[in-house]
Amino acid sequence: MSNSLFSAFEKVSSKAWKQKIQVDLKGADYNDTLIWKTNEGIDVRPFYHQDEMEDTFKLQPQQWAVGQVIFVQNEKASNTKALDAIERGAETIKFIIPNNTISIEKTLENINLNTTNIQLELLFSDKTFIDNAAKISAKAQLLVDPIGHLAASGNWFQSDDKQLILSNQITINTTTYQNAGATIVQQLAYGLAHLNEYFNTEGFSKTTVSTINFNVAVGTNYFFEIAKLRALRVLYNTLATEYDCNAEVLINAIPTKRNKTIYDYNTNMLRTTTECMSAILGGANNVFNLSYDALYHKDNEFGERIARNQLLILKNESYFDIVNNASDGSYYIETLTRQLAEKALTLFKDIEANGGFLAQLKEGTIQRKIKESATKEQAQFDSGSITLLGTNKHPNKNDKMKEELELFPFLKVNPRKTLIIPIIEKRLAETLEQNRLKTE
């Protein structure tokens, strides 16, 4: 296209745009009418302009992989499921390993480890098991997060758990914070403070730690979630530079459970689709989808196939794998990235000034702050200002679910002795759904 065409139009500044908008509002207040005030403390404007931009973030180009999560109860069955998922398009398999009796050899049998990414997420702490697993598959990502387990369960893996870094990989599981109702700023700050505990623990060495794995839950606030993952990389780079750590950072993303519902459950597919899109555009390395019926059905072939196909459509038919860092240069997303990173860094510094992440967990400060955010969000849902279609807006009164519940989809109360108050995950729709089930 000829440059002369562009020269025919004068540049319009952000100040001129705002003046024009104010004229068109005909006396209505600009801030009250057009500014969206978010729970993150960020005011979203109706437009963003180049002349207000600071330097943009230059993030490392990357490709993303279609993931499949498999909980290993039986090695042979899990291996068969993995081979089938790989045949159907899965590129990364995450095996959830519940205990040290599971055979890694049997679980990985016949899987080509050169063409398929393997993650082994351990729900226990066992240095011998981890060392053996590393020998069996040197390429596997070993995901074990003692601090994350403490935060979610209230206890360490073992009562005498002293060694927090068990391999040359560190895992930071921030999904608990999101699923419990933390704001995006809190998720980022807590994830950074969580990592900082590992950087300051016995066993950390900038020369031996090769990989930092972030497990992240992605919510439905589309552009904010894109910016969240971008801000996570910015914050990680800032912290890692202080420790002269050059470890590779991998982001493993999965849709949140917080906004999922059992009624009008097909709507969950719409939610997970946009959440996976945010994860991809935000720069996740591995994207694991959540089945539309994961809340109330046991693992099943149909639900898992639909979830995997959502990712395959995004990759192979929507071409979400063609452009690296597709969100680069968007004035809105760049601004959100900067604002989220700055606010999270401020909160991180406050946590460190008050003893650090573990100290604030033990004091209950982190739990209290998340509960405050969750309570505010719950009130917004209860009042209708947060909408879950088919649940608190336009519900189908003929939708019956009582006979469909193979799993208990609500918060389970299991009284037990804990070292700290655990961070409790809870969905927004739980109380409404429980009341509705009683009237079926």
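Quick caveat, the model's predicted, so the values are computed rather than measured.

Visitor: Residue-level account of the overall build of the protein chain, with values.
Guide: The number of helices and strands found in the protein chain is 16 helices and 10 strands. In summary, the protein chain has a C-alpha radius of gyration of 23 Å against a globular reference of 22 Å for 440 residues, a match within 12%. Across its three principal axes, the protein chain shows a C-alpha extent of roughly 70 × 60 × 50 Å. Taking all 440 residues of the protein chain together, the buried fraction comes to 52%. Nonlocal contacts in the protein chain, meaning residues at least 24 apart in sequence, comprise 77% of its contacts between residues at least 6 apart. Looking at the protein chain as shown, the accessible area adds up to about 21,900 Å², and 50% of this sits on carbon and sulfur atoms. One way to put it: in the protein chain the 48 positive side-chain charges average out to a point 3 Å from where the 53 negative ones average out.

Visitor: Quick one: what's the story with the sheet that holds strand E8 (residues 211-218), residue by residue and with numbers?
Guide: Taken in spatial order, the 8 strands make up an open sheet running E6-E5-E4-E3-E10-E9-E8-E7, and their pairing is parallel. Of all the strands in the sheet, just strand E6 (141-143) and strand E7 (169-173) have a single pairing partner and so form its edges. Neighbouring strand axes in the sheet, compared pairwise and without regard to direction, differ in orientation by 25° on average. Direction of pairing for E8 relative to strand E9 (residues 248-255): parallel, over a ladder of 8 bridges.

Visitor: For the packing of helix H7 (residues 146-153) against helix H9 (residues 184-199), give the residues involved together with the corresponding values.
Guide: Put simply, H7 and H9 touch, their axes get as near as 10 Å, and they point 130° apart. By the angle between their directions, the pair H7 and H9 is classed as oblique. Between H7 and H9, the residues in contact are Pro146, Ile147 and Gly148 and His194, Glu197 and Tyr198, respectively. The residue makeup of the contact of H7 with H9, split by class, is 3 nonpolar, 2 polar and 1 charged.

Visitor: Residues and numbers for the environment of Gln186, please.
Guide: By the element assignment, Gln186 lies in helix H9. The class for Gln186 is buried, based on a relative accessible area of 9%. Separated by 146 residues in the primary sequence, Gln186 and Glu40 have C-alpha atoms spaced 8.5 Å apart. Not counting the four nearest positions on each side in its chain, Gln186 is found in contact with Gly191, Leu347, Lys369, Ile370 and Ser373. One polar contact links the side chain of Gln186 to the main-chain carbonyl oxygen of Lys369, over a distance of 3.3 Å.

Visitor: Break down the packing of aromatic side chains for me, citing the residues and quoting the values.
Guide: The tally for this structure, following the rule as stated, stands at 16 aromatic pairs. Between Tyr177 and Tyr190 the ring centres are 5.9 Å apart and the planes differ by 80°, which places this aromatic pair in the edge-to-face class. A residue pair is termed long-range when its members are at least 10 positions apart, and Tyr177 in helix H8 (residues 175-180) and Tyr190 in helix H9 qualify at 13 residues. For Tyr190, a relative accessible area of 2% puts it in the buried group. Seen from their ring centres, Tyr265 and Tyr296 are 5.5 Å apart, and the 45° between their planes marks the pair as tilted. On the criterion of sequence distance, the pair formed by Tyr265 in the loop between E9 and helix H11 (267-282) and Tyr296 in the loop between strand E10 (286-288) and helix H12 (301-316) is long-range, its members being 31 residues apart.

Visitor: Summarise the pairing of E7; cite the residues concerned and give the values.
Guide: Judged by how many residues are buried, E7 sits mostly within the fold: 5 of 5 residues are covered. Residues Gln169, Thr171 and Asn173 line one face of E7 and the alternating positions Ile170 and Ile172 line the opposite face, and both faces are buried. Note that E7 and E8 share 5 bridges and pair parallel. The residue bridging Gln169 from the neighbouring strand is Thr211, located in E8.

Visitor: Let's hear about unusual backbone geometry: which residues, and what values?
Guide: Phi at Asn110 is positive, roughly 70°, even though this residue is not glycine. Mapped onto the fold, Asn110 is located in the loop between helix H5 (104-107) and strand E5 (117-122).

Visitor: For the layout of surface pockets, give the residues involved together with the corresponding values.
Guide: The space that makes up the second largest pocket amounts to roughly 730 Å³. It is helix H15 (residues 365-383) that contributes the most residues to the lining of the second largest pocket, 5 residues altogether. Partitioning the lining of the second largest pocket into residue classes produces 6 nonpolar, 15 polar and 8 charged.

Visitor: Pulling in residues and values, what's your account of the pairing of strand E3 (residues 65-71)?
Guide: Extensive coverage of E3 is indicated by the burial of 5 of its 7 residues. The sheet contact formed by E3 and E10 spans 3 bridges and is parallel. Bridge pairing in E10 places Val66 opposite Val287. Strand direction decides the pairing type here: E3 and strand E4 (residues 92-97), joined by 5 bridges, are parallel. By the bridge assignment, Phe71 is partnered in E4 with Ile96.

Visitor: Requested: an account of a nonpolar patch on the surface, with residues and values cited.
Guide: Among the surface-exposed residues, Tyr319, Ile322 and Val323 lie close enough to one another that they form a single nonpolar patch of about 350 Å² accessible area. Tracing the sequence through the fold places Val323 in the loop between H12 and helix H13 (331-353).

Visitor: I'd like a description of empty space enclosed by the protein, backed by residues and values.
Guide: Summed over all chains, the structure comprises 3 cavities of 30 Å³ or more. Estimated volume of the largest cavity: approximately 50 Å³. Around the largest cavity sit Thr174, Gln187, Leu188, Gly191, Leu192, Val216, Lys228 and Leu232, which together line it. Secondary-structure elements contributing two or more residues to the lining of the largest cavity are H9 and helix H10 (222-242). Per element, the largest residue contribution to the lining of the largest cavity is 4 residues, and it comes from H9. Class assignment for the residues of the lining of the largest cavity results in 4 nonpolar, 3 polar and 1 charged. By volume, the second largest cavity is sized at about 40 Å³. Taken together, Val144, Pro146, Leu164, Ile165, Leu166, Ser167, Gln169, Ile170, Thr171 and Tyr198 form the lining of the second largest cavity. For the lining of the second largest cavity, the element with the highest residue contribution is E7, accounting for 3 residues.

Cut-offs used in this document
- Residues numbered from 1 in each chain as written.
- Predicted model: local features only at pLDDT ≥ 70, side-chain atom pairs only at ≥ 80, totals over all residues.
- Heavy atoms only, no water.
- Helix = DSSP H or I, 4+ residues; strand = E, 2+ residues; numbered from the N terminus.
- Rg over C-alpha atoms; globule rule 2.2 N^0.38 Å.
- Buried < 20%, exposed > 50% of the residue type's maximum accessible area, 1.4 Å probe, protein only.
- Contact = heavy atoms within 4.5 Å.
- Areas by Shrake-Rupley, 256 points an atom, 1.4 Å probe, with all protein chains shown as cover.
- Lys, Arg positive; Asp, Glu negative; His and termini not counted.
- Charge placed at Lys NZ, Arg CZ, Asp CG, Glu CD.
- Pairing = 2+ DSSP bridges.
- Axes fitted to C-alpha atoms, helices over the stretch in contact; angles between N-to-C directions.
- Parallel < 35°, antiparallel > 145°, perpendicular 65-115°, else oblique.
- Nonpolar A, V, L, I, M, F, W, Y, C, P; charged D, E, K, R; others polar.
- Polar contact = N/O pair within 3.5 Å; in protein donor to acceptor, adjacent residues only side chain to side chain.
- Phe/Tyr/Trp six-rings, centres within 6.5 Å; stacked < 30°, edge-to-face > 60°.
- 1 Å grid on protein atoms, 1.4 Å probe; cavity = no way out; pocket = protein on both sides within 12 Å on 5 of 7 lines; lining within 4 Å.
- Points joined across faces, edges and corners; volume = space filled by probe spheres on them.
- Patch = residues over 30% accessible without salt bridge, like charges linked within 9 Å, V, L, I, M, F, W, Y side chains within 5 Å.
- Salt bridge = Lys/Arg side-chain N within 4 Å of Asp/Glu carboxyl O.

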